[in-house]
Number of protein chains: 2
Amino acid sequence: MSRDVVVLGVGMTRFGKMPERAPEDLGHEAIRAAIRDAGIDRRKIQAAFVGSVYLPFGIGQRILKDLGLTGIPVINVENSCASGGTAAREAYAWIKAELCDVALILGVESLSRSFSSGMIPLDLDDLAPAMGLVMPAAYALAARRHMEEYGTTPEQFALVTVKSRSNARHNPYAYFRQQLTLNEVLASRMVADPITKYQCTINADGAAAAILCSEKVARQYTNHPVSIVASAMGSGKLRDRIGDLEDTAARIAREAYEAAGIGPEDIDACELHDAFSVGEVLYCESLGLCPEGEGGRYTQAGHFNINGEKAAVNTSGGLLSRGHPLGATGIAQLAELVWQLRGEAAGRQVDQCRVALQHNSGGGVFDIQTNACVVQILMRE
Amino acid sequence: MSRDVVVLGVGMTRFGKMPERAPEDLGHEAIRAAIRDAGIDRRKIQAAFVGSVYLPFGIGQRILKDLGLTGIPVINVENSCASGGTAAREAYAWIKAELCDVALILGVESLSRSFSSGMIPLDLDDLAPAMGLVMPAAYALAARRHMEEYGTTPEQFALVTVKSRSNARHNPYAYFRQQLTLNEVLASRMVADPITKYQCTINADGAAAAILCSEKVARQYTNHPVSIVASAMGSGKLRDRIGDLEDTAARIAREAYEAAGIGPEDIDACELHDAFSVGEVLYCESLGLCPEGEGGRYTQAGHFNINGEKAAVNTSGGLLSRGHPLGATGIAQLAELVWQLRGEAAGRQVDQCRVALQHNSGGGVFDIQTNACVVQILMRE
C-alpha cells in the first residue's frame, strides 16, 4: 500500500470555557475553517469521522446536518483523550482502503455543557472530590520514580509549563496565553506532589477539524501537500500497568518511525500529549526525542524550545496551555503541525520545519491503562 | 483494491433482559464464542472495533482487557442502532487498507443497566412518556402512507411479526421464541396506529462478535470462507426527511449490489433492520427484494418465509423477535448470515443459501434522519 494520505486543510476554534456555545456551533466553526483552508468544495467530502468523549449519540450527524453534509457515511468514534487522533486514523484507513478520496475529520467537546451537572467541574480546585485525582496521582507517581531514578527535579517539571505558556503567547487558539514564571508554576496549588495546578491541563470546550484526502486529489489543490507518512496506533499492554503510559508510546512511536523510515532525530516539531508537565518529560523520552532519564535536563536546557537544539515540543502550548477539549485535542495537534510544516505558525514558527510528529494518548481513568495511543508522522513536499 | 475480507468466525450471547449481567460479561461470552468459532489463536487479533450506543467511554478496552486482548488498537464506535454494522465496516476498512490482517468486532449493549435510571424503560408500556413515541410514530406515518398509496393492510404488517416469531422459534439466541398468531399481534396494545406492541422491537441486553480477516489469512483456516463481497455505507440525505428511511436504504443497497456485481434477485437470505413490522415491509422494497408497494402482499403470500419464493427475510427472527441491544444488532445480523451461508442454521436453515445481505440502520430519534445505514453482501465459496 503506497497510497499517501494528505492533510489538505485544517481549522479550529479557540479553546476555552464557552458554556454559551453549543457543540454544533463549535463544530461548524472548525469545519468551515478546515474547508476554507483546504480550498475544496464541501460537496467533495465523501465521509466524515467525528471524535468526542462525552457528547451524546449521533453527535457527528447532528453537527454535519446543518452544514448540508448529509448522505455521506458519518462515523462517531470514542477513544478517551485520543478520540481526535482516532478519528484521523479512521479517515486514514478509509483513504488507504480506497473507500473514499476525501474525508472530513472533526474533534469536538463541550465539557462546560457535558459537566454542568457537576460530574467533573472545570475548575481544578474542585477536581479532587469529583475525580479522586486519579490521573494526576498516576502522573505524580511516575514523576516521583523519575526523580528517584534520574535525579529529575520539581523545577524541571515546572519548566515544561513555563515553555508551554511562552509558546502559547503566540497561539491565538490557546486557552491560556499569559506567560508564567517558574516561581508562579511552583507556587500554584499542589495537586499531587510534585504536580502543581499549573502543571495540569484544563478541561475546555472547542473543536478542531481537518480535510484528509488521497495524494491524487491533493495534486489538484496544492503543489506542496502535507502528508501523513506514517500512522501507528495501539493500546496499553496489560503486563506493564504502572509504567504503561511511557512504554506504549515508545512502542507505537517505534512503529511509526519504522514505517516512515526516519528516526526521532529527524523530527523538527512535535505535538505530544502533555496532559501534565510530567507527561511531556516522560513522552519526550518515549518518543526518543532525548535519551531515557534526560527529559528533565533537556527541558531545563531549553532543547525542546522553539528553535532549540532538539525537536520543538508543543509549539502550540500543548494541552497545558491550549486547553483540553478531549475529543478535539488530537485534531488540534494535527492543525498545529500542518501550520508549522507550511511555515504559517507566525510568532511560534520553527525554522526549516520539514518533519513533524503527533502523539495523542487516551488514558483510562479507572485503571490507568492507555486506551489508545496514536502516533503519526507528517512531512511536507 | 481486490483484497477480500472474510468473516472467519462469529458468536453471540442470547439476547434478552439480563440486568444481572455486566456488559463486560456479555462481551466476553460473545468474543470467546467468535474466537472459538474462528478456530484462531486470540493472539492473532491485531485490532478491535467495538460498537455500542449507551455504554460509557473506554468500554471496548475495558471488555478486552480481561481477555488479555491488550496492546492492540481498539476503536469504540457509536452510530445509533447501526453501531454494530459500523464496527464491521471499520474492520473491513482496516483489512482493505492492510492496516491489519485479523480484526475482532464486537457489538454490546446493556440497556437494562444503562436505563435503570428509568430514562428509557425496557417495557414498551412505559415507552410513551419517556420517548414521546418518536420512532413508532415515524414508522406509523410511513405505514399510513403505504396503506393509502398501495392498499397495504394492517394485517399484512402484522404478518411480519407472525413470520418473525415463527423463525425465532428455531433461534436459540432470540429473546422471544413463542409463536404468535395474527390475531394476537393485531390485538396487542396499539402503540401508533397501525403499529401494535408486538410489531415493535424490544430493547434488550446482549453482545455479538466476529473475527474478520484477510482472504490470505482465512486460507489457513478454511477452504470455504464466507466473504464480505460488498460493503456500502451512508447516512440520510437532508432533502428527503420524511421518506428518508426508505430512500437511504435503497441508495446504499444499489451501491452494494453494484460493487458485488449481483442484483436483489440473487439474495437467498437477508437480515434487515425490522425495528418495526412496517420497517421490514418498507425495507424489503428499498432493498429491491420485491417491487415498490408490494412488500405487504409479498409478506402475506409468504414469499419472504424460509424457503419461500423470494429471499428469506430475517430468518433469525430479526429485531422483532431476537430483541435489539442497539450496538449488538448489526453483528448479530452478520452472525445469522454466516450460519445460513455455512448451512448451520438448523431448524431455520435456508436451502442452498449462497448469497446473503445485511441491512443495519441507525435512526436519529430526534430528527428522524438516518444516522447510518450499512449494507453488506456476503458469499461463501
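Source: prediction; values computed, not measured. (Residues numbered from 1 in each chain as written. Chains lettered and ligands numbered in written order. Predicted model: local features only at pLDDT ≥ 70, side-chain atom pairs only at ≥ 80, totals over all residues. Heavy atoms only, no water.)

Trainee: Give me the overall build of chain A: which residues, what numbers.
Mentor: Scanning chain A for helices and strands turns up 14 helices and twelve strands. In terms of overall dimensions, chain A is globule-like: its C-alpha atoms have a radius of gyration of 19 Å, near the 21 Å expected for 381 residues. Considered along the principal axes of its C-alpha atoms, chain A spans approximately 55 × 45 × 40 Å. In chain A, which comprises 381 residues, the proportion classed as buried is 67%. Taking as baseline every contact in chain A between residues at least 6 positions apart, the subset at least 24 positions apart corresponds to 76%. (Helix = DSSP H or I, 4+ residues; strand = E, 2+ residues; numbered from the N terminus. Rg over C-alpha atoms; globule rule 2.2 N^0.38 Å. Buried < 20%, exposed > 50% of the residue type's maximum accessible area, 1.4 Å probe, protein only. Contact = heavy atoms within 4.5 Å.)

Trainee: Could you give an account of the packing of aromatic side chains, naming the residues involved and the relevant values?
Mentor: Counted under the stated rule, the structure contains twelve aromatic pairs over all chains. Taking the centre distance of 5.7 Å and the plane angle of 75° together, the rings of A:Tyr54 and B:Phe57 count as edge-to-face. With A:Tyr54 in the loop between β2 (47-51) and α2 (59-65) and B:Phe57 in the loop between β2 (47-51) and α2 (59-65), this pair bridges two chains. Given a relative accessible area of 23%, A:Tyr54 falls into the partly exposed group. (Phe/Tyr/Trp six-rings, centres within 6.5 Å; stacked < 30°, edge-to-face > 60°.)

Trainee: Summarise the interface of chain A and chain B; cite the residues concerned and give the values.
Mentor: With 42 residues of chain A at the contact, the number on the chain B side is 42 residues. Here chain A packs against chain B, burying approximately 3600 Å² in sum over the two surfaces, 58% of which is carbon and sulfur. Remark: the boundary between chain A and chain B carries zero salt bridges. In this structure, the connection of chain A to chain B is made through 22 residue pairs in polar contact (both at pLDDT 80 or more). Elements supplying a minimum of two residues to the side of chain A that touches chain B: α2, β3 (74-78), α3 (83-96) and β8 (226-234) of chain A. A per-element tally of the side of chain A that touches chain B places α3(A) first, with seven residues. As judged from the three bridges shared by β3(A) and strand β3 (residues 74-78) of chain B, these two strands associate in the antiparallel manner. Each residue of the ladder has a partner; that of A:Val77, found in β3(B), is B:Val77. (Buried area = accessible area lost by both parts, 1.4 Å probe. Salt bridge = Lys/Arg side-chain N within 4 Å of Asp/Glu carboxyl O. Polar contact = N/O pair within 3.5 Å; in protein donor to acceptor, adjacent residues only side chain to side chain. Pairing = 2+ DSSP bridges.)

Trainee: I'd love a proper account of the pattern of salt bridges, names of residues and values included.
Mentor: With the rule as written, the count across this model stands at 25 salt bridges over all chains. A:Arg342 is paired through a salt bridge with A:Asp37; the nearest N and O atoms lie 2.8 Å apart. Here A:Arg342, found in helix α14 (residues 326-342), pairs with A:Asp37, found in helix α1 (residues 23-38); they are 305 residues apart in sequence, far enough to count as distant. We classify A:Arg342 as buried; its relative accessible area is 19%. Of the charged contacts in the structure, one is a salt bridge between B:Lys163 and B:Glu280, with a shortest N-O distance of 2.8 Å. Of this pair, B:Lys163 sits in helix α7 (residues 154-168) while B:Glu280 sits in helix α11 (residues 277-286), and the two are 117 residues apart along the sequence. A residue is classified by how much of its surface remains accessible, and B:Lys163, at 7% relative accessible area, is buried. Judged by relative accessible area, B:Glu280 falls into the buried class, the value being 0%. Taken together, the shared-partner salt bridges in this structure form one network comprising A:Arg21, A:Asp25 and A:Glu29.

Trainee: Let's hear about the state of the cysteines: which residues, and what values?
Mentor: Note: disulfide means a covalent bond formed between the sulfur atoms of two cysteine side chains. Enumeration over the complete set of coordinates arrives at zero disulfides over all chains. The thiol sulfur of A:Cys270 is not disulfide-bonded, and the nearest other cysteine sulfur, from A:Cys284, lies at 6.4 Å. Considering cysteine sulfurs only, B:Cys270 is the nearest to B:Cys353, which forms no disulfide, with 11 Å between them. By relative accessible area, B:Cys353 is classed as buried at 8%. (Disulfide = S-S within 2.5 Å.)

Trainee: So, helix α14 (residues 326-342) of chain B: which residues are in play, and what are the values?
Mentor: Residues and elements named next belong to chain B. In this model α14 runs 26 Å from its N-terminal to its C-terminal C-alpha over 17 residues, within 8% of the 24 Å that 1.5 Å per residue would give. A large share of α14 lies buried, amounting to 17 of its 17 residues. Gly343 lies just past α14 and shows a positive phi near 75°. (Expected span 1.5 Å × (residues − 1).)

Trainee: So what's going on with a negative patch on the surface? Residues and values would help.
Mentor: Negative charge collects at one region of the surface, where A:Glu148, A:Glu149, A:Asp247 and A:Glu292 lie side by side. Mapped onto the elements of the fold, A:Asp247 is located in helix α10 (residues 244-260). (Patch = residues over 30% accessible without salt bridge, like charges linked within 9 Å, V, L, I, M, F, W, Y side chains within 5 Å. Areas by Shrake-Rupley, 256 points an atom, 1.4 Å probe, with all protein chains shown as cover. Lys, Arg positive; Asp, Glu negative; His and termini not counted. Charge placed at Lys NZ, Arg CZ, Asp CG, Glu CD.)

Trainee: Account for the side chain of B:Arg89, with residues named and values stated.
Mentor: With respect to the helices, strands and loops of the structure, B:Arg89 is situated in helix α3 (residues 83-96). No salt bridge forms around the buried B:Arg89; measuring N to O, its nearest opposite-charge neighbour B:Glu90 is 5.8 Å away. Within the structure, B:Arg89 has its side chain in polar contact with the backbone oxygen of B:Ser231 (distance 2.7 Å). With residues up to four places along the chain from it excluded, the contact list for B:Arg89 reads A:Trp94, A:Leu99, B:Ser231, B:Ala232, B:Met233 and B:Gln376.

Trainee: Requested: an account of the environment of B:Asn171, with residues and values cited.
Mentor: All names here are of chain B. Mapped onto the elements, Asn171 comes out in the loop between α7 and α8 (182-187). For Asn171, a relative accessible area of 2% puts it in the buried group. Each C-alpha atom, one on Asn171 and one on Glu336, is 9.3 Å from the other, the two residues being 165 residues apart in sequence. Residues contacting Asn171, with those up to four places away along its chain left out, are Arg177, Ser316, Arg322, Glu336 and Arg348.

Trainee: Just give me the short version of the relation of the copies chain A and chain B, but keep the residues and values in it.
Mentor: Rotating chain A by 180° and moving it 0.0 Å along the rotation axis overlays it on chain B with an RMSD of 0.0 Å. On the angle and the small slide along the axis, the relation comes out as a two-fold axis. (Least-squares fit on C-alpha atoms with pLDDT ≥ 70 in both.)

Trainee: Summarise helix α1 (residues 23-38) of chain B; cite the residues concerned and give the values.
Mentor: All names here are of chain B. Taking 1.5 Å per residue as the helical rise, α1 with its 16 residues ought to reach 22 Å, and the 22 Å between its terminal C-alpha atoms agrees with that figure. Those residues of α1 not exposed but buried are Pro23, Leu26, Gly27, His28, Ala30, Ile31, Ala33, Ala34, Ile35 and Ala38. Buried residues along α1 sit in contact with β1 (5-12), α2, β4 (102-110), α4 (111-114) and β7 (205-214). Remark: Gly39 follows α1 within two positions and exhibits a positive phi of approximately 70°.

Trainee: Lay out the side chain of B:Asn360 with the relevant residues and their values.
Mentor: Residue and element names in this part refer to chain B. Assignment of secondary structure puts Asn360 in strand β11 (residues 355-363). Among the polar contacts listed, one links the side chain of Asn360 to the side chain of His273, at a separation of 3.2 Å. Discounting residues that sit within four places of it in the chain, Asn360 has contacts with Cys81, Ala82, Ser83, Gly84, Gly85, His273, Thr329, Gly330, Gln333, Ala372, Cys373 and Val374.

Trainee: So what's going on with the environment of A:Asn167? Which residues, and what values?
Mentor: Residue and element names in this part refer to chain A. On the secondary structure map, Asn167 appears in helix α7 (residues 154-168). For Asn167, a relative accessible area of 6% gives the class buried. On a C-alpha basis, the gap between Asn167 and Gln178 in space is 9.9 Å, while along the polypeptide they are eleven residues apart. Setting aside chain neighbours within four positions, we find Asn167 in contact with Ile306, Val313, Asn314, Thr315, Gly317 and Arg348.

Trainee: Help me get a handle on the packing of helix α6 (residues 134-150) of chain B against α11(B), residues and values and all.
Mentor: Residues and elements named next belong to chain B. Across the interface, α6 lies against α11 with an axial gap of 9 Å and an inter-helix angle of 60°. In terms of orientation, α6 and α11 fall into the oblique class. Note that α6 runs across α11; the crossing there is left-handed. Facing α6, whose interface residues are Tyr139, Ala142, Ala143 and His146, α11 presents Val278, Gly279, Val281, Leu282, Tyr283 and Glu285. (Axes fitted to C-alpha atoms, helices over the stretch in contact; angles between N-to-C directions. Parallel < 35°, antiparallel > 145°, perpendicular 65-115°, else oblique. Left-handed = near helix turned anticlockwise from the far one by under 90°.)

Read these as geometric descriptors, not functional statements.
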